[in-house]
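Fold and contact review
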Amino acid sequence: MTHFLDINATDTSDLKSIMSEAHRIKAARAGRPKGALDDENPLDGHMVALIFEKPSTRTRVSFDVGVRQMGGQTMVLSGSEMQLGHGETVADTAKVLSRYVDMIMIRTFEEATLLEMAEHADVPVINGLTNRSHPCQIMADILTYEEHRGSIEGKKVVWAGDGNNVCASFLHAAGKFGFDLTFTGPEPLDPEMAFVEEARAKGVNVEIVRDPVKAVEGADLLVADTWVSMHDAPSARERRHNLLRPYQINDELMRHAKPDALFMHCLPAHREEEVTNSVMDGPQSVIFDEAENRLHAQKAVMRWCLGK
């Protein structure tokens, strides 16, 4: 069964094939109404279950629209509507859903839920996000970078802030696509060292630099995410803000990167916290191209999973 669970669990050749397909898919839809079918309908007759244990805007809409554009149908399910891991085991849910649908996308909290779903499903399972990784987002980010600047291989990516699940997937991608990554943030929020060492073992230059100005020198891409994630306790807000305030991406910090450096954010953003309005809405920001590219990258992922 061909699942898309994590970037580091997917062969490099497959990732690059998916990326090439995403470029093709996007180009083929230029000027077409959003609700119009693709010229090809690889999901014709297919039903896709979209499971959300976490709130979602981009993941929900992009997967739903993507399936429909490819001729398929979706069934959107929330955690509150299901007995997933509560009244019924994840394994049993996976077996039941496999009798009804042709593919499952799940956005959940624990990585263990995703892995158990994939282990017991008889259909492809896609990781729409867990607390540990967010591979679909990074596939869209690389697609966006390549659109604007060409190959990301050999480039310097700087992650500023919390070494969270999105940062983890950037580390996974560094080892597959051959770019260097610098993390700049407070020590208590460093990325998982196992992911850092895994990337380094693949020849990637991964640095942890506390001084954000030094960190962004020579950067081709700066990336930020919210300081308080949806799974963080409210009591963590003030403590995290105090830790992360020096790592805000603003005009002054951008000036220390390369003149043509891009800025990305997976959204939603807390404006004037992790990033200023002037950067978000400035000429180096590609955040809305990045958001759109979730659609095209995920369509390519779904086609790969189904061998279409």
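Before any of the text, the structure's been laid out above.
Every chain is numbered independently, its residues counted from 1 as its sequence is written. Owing to the predicted nature of the model, reporting of local features is limited to residues with pLDDT of at least 70; listing and counting of side-chain atom pairs is limited to 80 or more, with chain, interface and lining totals taken over all residues. Calculation of side-chain values draws on the structure's entire complement of heavy atoms; hydrogens and water are dropped beforehand.

A few words on the layout of surface pockets. Size it by volume and the second largest pocket reaches roughly 190 Å³. With a 1 Å grid laid over protein atoms only, a set of points is called a cavity when a 1.4 Å probe fits there but cannot get out and a pocket when it is open yet has protein on both sides within 12 Å along at least five of seven lines; lining residues have an atom within 4 Å of a point. Every residue lining the second largest pocket is listed: Lys26, Arg29, Ala30, Gly31, Arg32, Lys34, Val65, Gln69, Glu292, Leu295 and His296. To qualify as a helix, a DSSP run of H or I must reach at least 4 residues; to qualify as a strand, a run of E must reach at least 2; elements of each kind are numbered from the N terminus. Where the lining of the second largest pocket is concerned, the elements lending two or more residues are α2 (58-69) and α12 (287-306). When residues of the lining of the second largest pocket are assigned to their parent elements, the largest contribution, 3 residues, is made by α12. For this classification, the nonpolar set comprises Ala, Val, Leu, Ile, Met, Phe, Trp, Tyr, Cys and Pro, the charged set comprises Asp, Glu, Lys and Arg, and every other residue, Gly included, is treated as polar. A class-by-class count of the residues in the lining of the second largest pocket yields 3 nonpolar, 3 polar and 5 charged. Grid points are joined across faces, edges and corners, and a volume is the space filled by probe spheres set on the points.

Quick look at the environment of Asp180 now. Mapped onto the elements, Asp180 comes out in strand β6 (residues 180-184). Here's how the labels work: a residue is buried when its accessible area is under 20% of the maximum for its type, exposed when over 50%, partly exposed in between, all with a 1.4 Å probe on protein chains only. For Asp180, a relative accessible area of 26% puts it in the partly exposed group. A C-alpha to C-alpha distance of 39 Å links Asp180 and Met75, two positions 105 residues apart in sequence. Between two residues, a contact is recorded if the distance between any of their heavy atoms is within 4.5 Å. Among residues more than four places away in sequence, those in contact with Asp180 are Lys155, Lys156, Val157, Val204 and Asn205. Any pair of N or O atoms that falls within 3.5 Å is considered a polar contact. Within protein, one atom must be able to donate a hydrogen and the other to accept it, and sequence-neighbouring residues count only if both atoms are side-chain atoms. Within polar-contact distance, the side chain of Asp180 engages the backbone nitrogen of Asn205 at 3.1 Å.

Further remarks concern the sheet that holds strand β1 (residues 47-52). Strand pairing is assigned whenever DSSP identifies at least 2 bridges connecting the two strands. Taking strand neighbours across the sheet as the criterion, the 4 strands line up as β2-β1-β3-β4 in an open arrangement whose pairing is parallel. Edge positions in the sheet fall to β2 (73-78) and β4 (125-129), since each of these pairs with one other strand and no more. Strand-to-strand twist across the sheet, computed as the mean angle between neighbouring axes with direction ignored, equals 20°. In this sheet, β2 lies alongside β1 in parallel orientation, the contact comprising 6 bridges. Each bridged residue has a counterpart across the sheet, and for Val48 the counterpart in β2 is Thr74. Only C-alpha atoms enter the line fits that serve as axes; for helices the fit covers just the stretch in contact. Angles between N-to-C directions range over 0 to 180 degrees. Contacting β1, β3 (103-107) and β4, helix α4 (residues 111-120) crosses the sheet at an angle of about 165° to β4.

This brings us to the packing of aromatic side chains. We call Phe, Tyr and Trp rings a pair once their centres come within 6.5 Å, taking the six-membered ring for Trp, and we label the pair stacked below 30 degrees between planes, edge-to-face above 60, and tilted otherwise. Counted under the stated rule, the structure contains 3 aromatic pairs. Taking the centre distance of 6.3 Å and the plane angle of 85° together, the rings of Phe4 and Trp304 count as edge-to-face. On the criterion of sequence distance, the pair formed by Phe4 in the segment before α1 (12-28) and Trp304 in helix α12 is long-range, its members being 300 residues apart. For the pair formed by Phe4 and Trp304, the shared burial category is buried. Judged by centre distance (6.0 Å) and plane angle (55°), the rings of Trp159 and Phe170 are tilted. Highlighted residues: Trp159 in strand β5 (residues 156-160) and Phe170 in helix α6 (residues 165-177), separated in sequence by 11 residues. Trp159 sits in the buried class, given a relative accessible area of 1%.

Note on placement: Ala236 falls in helix α9 (residues 236-244). Along the backbone, Ala236 and Trp304 are 68 residues apart, and their C-alpha atoms lie at a distance of 39 Å.

Turning our attention to the pairing of β5. When you tally the buried positions in β5, you get 5 out of 5 residues, the bulk of the element. By the alternation rule, side chains of β5 split into Lys156, Val158 and Ala160 and Val157 and Trp159, which are all buried. Pairing of β5 with β6, which is carried by 5 bridges, proceeds in the parallel orientation. Across the sheet, Val158 pairs through a bridge with Thr182, a residue of β6. In terms of handedness, the path from β5 via α6 over to β6 forms a crossover that is right-handed. As paired elements, β5 and strand β8 (residues 221-224) share 4 bridges and run parallel to each other. Following the sheet pairing, Val158 is matched in β8 by Leu222. Convention used here: a crossover is right-handed provided that the path from the first strand, over the helix, to the second strand proceeds clockwise when the strands point away from the viewer.

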